[in-house]
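Descriptive structure summary
Each chain, letter by letter, is given below.
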Amino acid sequence: MPTDSAPTGSTSAGLFTKIDHVGIAVPDLDKAIAFYAETFGIVSVHEEVNEEQGVREAMLAVGDGATQIQLLAPLSEQSTIATFLDRNGPGVQQVAYTVEDVAAVSETLRARGMRLLYDEPRRGTAGSRVNFVHPKDTGGVLMELVEPADH
């Protein structure tokens, strides 16, 4: 339930501390990494396979690296990214926001009527903890909540 004070897990400015990254679904991660490097001079600073999420991913630093682009390629045809690519083609798949405490922010959003994809946060990129707000509740945008591993 909303209150006049800042919800648990938030700063005085709101639930999010910054835009963490923009996730872009791609069919071929290596080709996409090369395209961003050759075309825009944006290079990969972290790559990993996340079996739980069904993706191979790369984080590309923009400017000073405080904001990043995440390229997501499916590991299999059953991956949610494969489904996204089949339905929409390559493109923006989600916008991610950094939060102080993903569990607390998730509970605050549930109390405000938002549906979250996971009951409990899951492992995200580089050991972060993540959850997602259903796009039907956010005007069609899949919103990722990211609590960095260094919290």
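Scroll up to find the structure this text is about.
For the structure given in this document, a descriptive report is provided here. All chains use their own residue numbering, which begins from 1 and follows the written sequence. Only residues with pLDDT of at least 70 are given local features in this predicted model, and only at 80 or more are side-chain atom pairs given and counted; all residues enter the totals for whole chains, interfaces and linings. Just so you know, side-chain values use all the structure's heavy atoms and leave hydrogens and water out.

Looking now at helix 1 (residues 29-40). Helical segments are the DSSP runs of H or I of at least four residues, strand segments are the runs of E of at least two, and each set is numbered from the N terminus. How far a helix is expected to stretch is found by multiplying one less than its residue total by 1.5 Å. Over its 12 residues, helix 1 runs 16 Å from end to end, which matches the ideal 16 Å to within 8%, given 1.5 Å per residue. Among the residues of helix 1, those classed as buried are Leu 29, Ala 32, Ile 33 and Tyr 36. One face of helix 1 carries all of its buried residues, which in axial projection span an arc of 100°. Exposed side chains of helix 1 directed beyond 90 degrees from the buried face belong to Lys 31 and Glu 38. The contact criterion used throughout is that any non-hydrogen atoms of two residues lie within 4.5 Å. Buried positions along helix 1 lie against strand 1 (18-25), strand 2 (44-50), strand 3 (55-62) and strand 4 (67-74). Think of it in three bands: with a 1.4 Å probe and only protein chains considered, a residue is buried below 20% of the maximum accessible area for its type, exposed above 50%, and partly exposed in between. To obtain the arc, one takes the directions from the helix axis to the C-beta atoms.

Below, the discussion takes up helix 2 (residues 80-88). Residues lying three or four places apart along an α-helix face the same way, a consequence of the helix completing one turn every 3.6 residues. When helix 2 is considered as a whole, its buried residues turn out to be Ile 81, Ala 82, Phe 84 and Leu 85. All buried residues of helix 2 project into a common sector of 160° when viewed along the axis, lining one side. Counted as exposed and oriented over 90 degrees from the buried face of helix 2: Thr 80, Asp 86 and Arg 87. Elements in contact with the buried residues of helix 2: strand 1, strand 3, strand 4 and strand 5 (91-98). Think of a polar contact as two N or O atoms within 3.5 Å of one another; within protein, one of them needs to be a possible hydrogen donor and the other a possible acceptor, and neighboring residues in sequence only count if both atoms come from side chains. Among the residues of helix 2, the N-terminal cap falls to Ser 79, whose side-chain oxygen and the backbone nitrogen of Ile 81 are separated by 3.1 Å. Downstream of helix 2 by a residue or two, Gly 89 has a phi angle that is positive, lying close to 80°.

Each aromatic ring pair is specified by the distance between its two centres and by the angle formed by the two planes. For this analysis, a ring pair means two rings from Phe, Tyr or Trp (six-membered ring only for Trp) whose centres lie within 6.5 Å, classed as stacked if their planes differ by under 30 degrees, edge-to-face if by over 60, and tilted for the remaining angles. Per the counting criterion, the structure on display carries 5 aromatic pairs. With centroids separated by 5.6 Å and ring planes inclined at 50°, the aromatic side chains of Tyr 36 and Phe 40 adopt a geometry described as tilted. Of the two residues, Tyr 36 and Phe 40 are both situated in helix 1; the distance of 4 residues between them amounts to about one turn of the helix. Residues Tyr 118 and Phe 132 carry aromatic rings whose centres are separated by 5.9 Å and whose planes lie at 85° to one another, so their mutual orientation is edge-to-face. Taken together, the residues span a long stretch of sequence, with Tyr 118 in the loop between helix 3 (102-111) and strand 6 (122-123) and Phe 132 in strand 7 (residues 129-133) at a distance of 14 residues.

When you line up the elements, Phe 84 lands in helix 2. A relative accessible area of 13% means that Phe 84 is categorised as buried. Distance in space between the C-alpha atoms of Phe 84 and Ala 25 is 7.5 Å, their sequence separation being 59 residues. Sequence-distant contacts of Phe 84, defined by excluding residues within four places in its chain, comprise Ala 25, Gly 89, Gly 91, Val 92 and Gln 93.

On to the pattern of salt bridges, then. The salt bridge criterion pairs a side-chain nitrogen of Lys or Arg with a carboxyl oxygen of Asp or Glu, the two atoms within 4 Å. Scanning all chains against the criterion turns up 6 salt bridges. The salt bridge involving Arg 56 is made with Asp 30; its shortest N-O contact spans 2.7 Å. Here Arg 56, found in strand 3, pairs with Asp 30, found in helix 1; they are 26 residues apart in sequence, far enough to count as distant. Overall, the relative accessible area of 28% leaves Arg 56 in the partly exposed class. Between Glu 52 and Arg 122 there is a salt bridge; the shortest N-O distance is 3.6 Å.

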